[in-house]
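# Structural overview
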Amino acid sequence: PPCITCPVPVLTPGSTMTDLFCSGPGHVMQGGFQSSVNGTCILYLFPGAAVDTKTKYALSLFGTFLLAFSNEVLLFSRKKLLAHPSLADRPYIRNGLESLIYGVQMVLAYWLMLLVMTYESGIFTVIILGLACGHFTFSMIGSVDNDENKREKDIQTGPLMEAASVTGTPCCGGSNI
C-alpha cells in the first residue's frame with residue numbers, strides 16, 4: 001500500500017528530483033531529530049514559511065542564531081537597567097521598562113522553544129550556539145564592567161586609603177607605633 005504520511009517531494013518549475021533540498025510542504029514537528037537536508041522540510045514558526053530551499057535553510061539558521069543571541073542581549077539589558085543608578089528613584093519607570101524587555105525576551109524564548117520542537121538538528125544546534133555565544137559575550141562584558149568599576153574604586157580610594165579605612169592608618173599596617 002502507498003504511504004499516506006510519507007513526505008511528498010515538491011518540485012518547482014524547471015527543477016529535477018536531484019535539485020530538491022527537502023521534501024514535503026513543511027512540518028512543525030518531526031518524529032525525532034533529523035536534518036532537513038535531503039529530508040523533510042520544516043515550517044519556520046508561521047504558516048507559509050516552509051524552509052524548502054538551501055537559501056531559506058541558510059537564512060533560517062542565521063536568523064535562529066540571531067534570535068538565540070538576542071535572548072541573551074535582552075537578559076543583559078534587563079540586568080543593566082535594574083542596576084542603572086539614575087532609575088533608582090523612579091521604580092515605576094524602571095520596573096515598567098524591565099517588564100517590557102522581559103515580555104520581549106519571553107516571546108523570543110517561546111519562539112526558540114517552538115523551533116527546537118521542529119526537531120531539526122541544524123536549527124537545534126544554532127539555538128544552542130546562539131545562546132552560548134550570547135552568554136559568553138555578555139558575561140565577558142559584565143566582567144570587564146566589574147573590573148573597570150573595581151579599578152575606578154581603586155583609583156579613587158587607592159590601596160593605602162582602603163587599608164586606612166579598615167585599620168585606621170595607611171601606614172605600618174594600622175599599628176600605632
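Note that the structure is predicted; figures quoted are calculated from it, not measured.

With that settled, the discussion passes to the overall build of the protein. When you go through the protein residue by residue, the secondary structure sums to three helices and three strands. Mapped in sequence order, the helices and strands of the protein form the string β-β-β-α-α-α. Taking all contacts inside the protein whose residues are at least 6 apart in sequence as the whole, residues at least 24 apart take part in 53%. As displayed, the protein offers around 11700 Å² of accessible surface, 69% of which is attributable to carbon and sulfur atoms.

Our next topic: the packing of aromatic side chains. Going through the model one piece at a time under the given rule, you end up with four aromatic pairs. On the basis of an interplanar angle of 50° and a centroid distance of 5.6 Å, the ring pair of Phe69 and Phe138 is categorised as tilted. Of this pair, Phe69 sits in helix α1 (residues 54-83) while Phe138 is found in helix α3 (residues 121-167), placing the two residues 69 residues apart along the sequence. Using a relative accessible area of 21% as the deciding quantity, one classes Phe69 as partly exposed. Of the residues examined, Phe138 reaches a relative accessible area of 16% and is grouped as buried.

Attention now moves to unusual backbone geometry. Phi at Leu45 is positive, roughly 65°, even though this residue is not glycine. As for its placement among the helices and strands, Leu45 is situated in the loop between β2 (40-43) and β3 (50-51). A positive phi angle is found at Tyr119, which is not glycine, with a value near 60°. Locating Tyr119 in the fold gives a position in the loop between α2 (91-116) and α3. With a relative accessible area of 26%, Tyr119 lands in the partly exposed category.

Between α1 and α2, the least distance of the axes is 9 Å, while the angle of their chain directions is 160°. One element, α1, and the other, α2, form an angle in the roughly antiparallel class. α2 is crossed by α1, and the crossing has left-handed handedness. The residues of α2 that touch α1, namely those facing Thr64, Leu67, Ala68, Ser70, Asn71, Leu74, Leu75, Ser77, Arg78, Leu81 and Leu82, are Arg94, Leu97, Glu98, Ile101, Tyr102, Val104, Gln105, Leu108, Ala109, Trp111, Leu112 and Leu115.

So, about the environment of Phe21. Examined against the element boundaries, Phe21 turns out to sit in the segment before β1 (23-27). Residue Phe21 is classed as buried on the basis of its relative accessible area, which comes to 7%. For Phe21, the contacting residues outside a window of four places in its chain are Ser36, Val37, Asn38, Gly39, Val51, Asp52, Thr53, Lys54 and Tyr57.

Glancing now at the pairing of β2. The two faces of β2 match: Thr40 and Ile42 on one face and Cys41 and Leu43 on the other face are all buried. Here β2 pairs with β3 via two bridges, running antiparallel. Across the sheet, the residue bridging to Ile42 is Val51, located in β3. The antiparallel hairpin formed by β2 and β3 contains six residues in its connecting segment, where Leu45 sits at a positive phi of about 65°.

So, about a nonpolar patch on the surface. A contiguous nonpolar patch, built from Val28, Met29, Phe46, Val107, Tyr110, Trp111, Met113, Leu114 and Met117 and spanning about 840 Å² of accessible area, is present on the exposed surface. Tracing the backbone shows Met113 in helix α2. For Met113, a relative accessible area of 37% corresponds to the partly exposed category.

With respect to the element layout, Thr55 can be found in helix α1. The exposure class of Thr55 is exposed, given its relative accessible area of 56%. The spatial distance from the C-alpha of Thr55 to the C-alpha of Phe21 is 9.7 Å, given a sequence separation of 34 residues.

Analysis parameters
Within each chain, residue numbers correspond to sequence positions counted from 1 in written order. Two thresholds apply to this predicted model, a pLDDT of at least 70 for residue-level local features and 80 or more for giving and counting side-chain atom pairs, whereas whole-chain, interface and lining totals are computed over all residues. The side-chain quantities take in all heavy atoms of the structure and omit both hydrogens and water. Each helix corresponds to a stretch of at least 4 residues labelled H or I by DSSP, and each strand to a stretch of at least 2 residues labelled E; elements are numbered beginning at the N terminus. Residue contacts are counted whenever heavy atoms from the two residues lie within 4.5 Å of one another. Using a 1.4 Å probe, the Shrake-Rupley method yields the accessible areas, and only the shown protein chains count as cover for residues. A pair of Phe, Tyr and Trp rings is counted when the ring centres sit within 6.5 Å of each other, with Trp represented by its six-membered ring. The angle between the planes then sorts it: under 30 degrees is stacked, over 60 is edge-to-face, the rest tilted. When a residue's accessible area, from a 1.4 Å probe over protein chains only, is under 20% of the maximum for its type it is buried; when over 50% it is exposed; and in between it is partly exposed. Each axis is a line fitted through C-alpha atoms, taken for helices only over the stretch in contact, and angles between the N-to-C directions span 0 to 180 degrees. Every angle not falling under 35 degrees, over 145, or within 65 to 115 is termed oblique; those three ranges are roughly parallel, roughly antiparallel and roughly perpendicular. What makes a crossing left-handed is the near helix being turned counterclockwise from the far one by less than a right angle; a clockwise turn instead makes it right-handed. Note on pairing: DSSP must find at least two bridges between two strands before they are called paired. Only residues whose relative accessible area exceeds 30% and that form no salt bridge are eligible for patches; like-charged ones are grouped when within 9 Å, while nonpolar side chains (Val, Leu, Ile, Met, Phe, Trp, Tyr) are grouped when within 5 Å. Salt bridges are defined by distance alone: a side-chain nitrogen of Lys or Arg within 4 Å of a carboxyl oxygen of Asp or Glu.

Distances and angles like these do not, on their own, reveal function.
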